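Take a look at the letters that make up each chain.
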Amino acid sequence: MRIGLLTGGGDCPGLNAAIRAVVKQGLGEYGHTIIGFRNGWKGVVDGDVRTMSREDIRNVLPQGGTLLGTARYHPHSADGGLDGVMATLEAERIEALICIGGDGTLHAANKVAEQGIKIVAIPKTIDNDVAGTDLSIGFHTAVNIATEAIDRIHTTAESHNRVMVVEVMGRHAGWIAVNAGIAGGAELVLAPEEPFDMDRIVKFLKHRHRSHANFSIVVVAEGALPKEGSSMQYEAQLGKFGEIVAGAIGERVANEIATRTGFDTRLTILGHVQRGGTPTPTDRILGSRFGVAAVDAVSRGETNVMTALRNEEVVLVPLEEIAGKVKHVPDDLLRVARVLA
């Protein structure tokens, strides 16, 4: 078979492990031809292709990013996008397409599948908000990076008697904020799942600093928002592509804390640091398992599905069941973050 392969949306550690697994399993086990599309769905529309070989995937396991490149482009929402996809796939004689991406890329994959193209999707996102899977490629590394940053910030916060606000990624779900906040011992975690009350935050910090501590760590997901009707009025700041502006909520929270408490308050925005660098073994293994499972599924003729991790087992779930959905942090994990403050 001639199988297309792309990575779309934001980059993350572990993508190259998935690409490597697709190429090795496809060539070695089945004798397929793997056609890589550069820069995600944009590369499919533009016909920007490369035939993948074993030489392309040597020594890529420890590398972050994606050797195929990526772009935030959704063909179903661009003029002529789907027509361009169909034309390229026909010209390249692509019999099935393996798409590695987050919620946006997989939503686009479902739209392409509706046109009759055979699709197998692989979930990746540091936000870990793809529905249907316990874990997505990139999340484990991002949490490790965020946790290490919080660990480092602890020492300077205590030395200077400061409140340190740390903003992490997480547009619609607070997986990084909650997990890194718990692991790093943050005093407060603000996540999109639970709108916050700045009056209660200020009261808590004043009590903490009066009674038993001279510093505090507040972790804020970029998509966190205050409660409607509370004393802090704020609307999410969006960029030209609808993305949340990095640092906007973190800066506002830090300013509100400083103004209302009088405490020396500083902001650290981790931003794209969370996406880069060497993937953890967990992300390398997960990407490898998903890549092998995707090729196996295509070879069996089982398509229009997504690979997923459930209870340590890799399974296939229908793409239409998860496309466009968000997996939120469960209440029990949010509660752990609250009670350990």
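Residues numbered from 1 in each chain as written. Predicted model: local features only at pLDDT ≥ 70, side-chain atom pairs only at ≥ 80, totals over all residues. Heavy atoms only, no water.

1. Brief notes about the UniProt feature "binding site: Mg(2+)" (unreviewed entry) in the chain
In the numbering adopted here, UniProt assigns the feature "binding site: Mg(2+)" (unreviewed entry) to D103. Along the polypeptide, D103 turns up in helix 4 (residues 103–113). Of the residues examined, D103 reaches a relative accessible area of 21% and is grouped as partly exposed. (UniProt positions renumbered as here; feature names shortened; annotations may be inferred. Helix = DSSP H or I, 4+ residues; strand = E, 2+ residues; numbered from the N terminus. Buried < 20%, exposed > 50% of the residue type's maximum accessible area, 1.4 Å probe, protein only.)

2. Points about the nonpolar core
Membership of the largest hydrophobic core comes to 59 residues, with the highest contact counts inside it found for L5, I19, I34, I98, V168, I176 and I217. With eight residues, the top contributor of residues to this core is helix 5 (residues 139–160). With sequence-adjacent residues up to four places away left out, I217 is seen in contact with I150, I153, H154, A157, M164, V166, A186, E187 and L188. Counting 26 residues, the second-largest nonpolar core is a separate cluster that includes V44, I94, L106 and I117. (Core = buried A, V, L, I, M, F, W, Y, C linked by side-chain atoms within 4.5 Å. Contact = heavy atoms within 4.5 Å.)

3. Describing the packing of helix 1 (residues 15–30) against helix 9 (residues 281–300)
One can describe the packing of helix 1 onto helix 9 by two numbers: an axis separation of 7 Å at closest approach and a directional angle of 40 degrees. Comparing their axes, helix 9 and helix 1 come out oblique. Here the hand of the crossing between helix 1 and helix 9 comes out right-handed. On helix 9, the residues touching A17, A18, A21, V22, Q25, G26 and Y30 of helix 1 are R284, G287, S288, G291, V292, V295, D296 and S299. Classifying every residue of the contact of helix 1 with helix 9 gives seven nonpolar, six polar and two charged. (Axes fitted to C-alpha atoms, helices over the stretch in contact; angles between N-to-C directions. Parallel < 35°, antiparallel > 145°, perpendicular 65-115°, else oblique. Left-handed = near helix turned anticlockwise from the far one by under 90°. Nonpolar A, V, L, I, M, F, W, Y, C, P; charged D, E, K, R; others polar.)

4. Quick word on the pattern of salt bridges
Opposite charge on two side chains lets them pair, provided their charged atoms get close. Inspection of every chain in the model, using the stated rule, returns 16 salt bridges. The shortest N-O distance in the salt bridge between D264 and R162 comes to 2.8 Å. With D264 in the loop between helix 8 (248–261) and strand 9 (265–269) and R162 in the loop between helix 5 and strand 6 (163–168), this residue pair connects regions lying 102 residues apart in the sequence. Judged by its relative accessible area of 14%, R162 falls in the buried class. Between E187 and R208 there is a salt bridge, with its nearest N and O atoms 3.5 Å apart. Remark: R208 occurs in helix 7 (residues 198–211) and E187 occurs in the loop between helix 6 (175–184) and strand 7 (188–190); sequence separation between them is 21 residues. A single salt-bridge network, built from bridges that share partners, covers D199, R252, E256 and R260. (Salt bridge = Lys/Arg side-chain N within 4 Å of Asp/Glu carboxyl O.)

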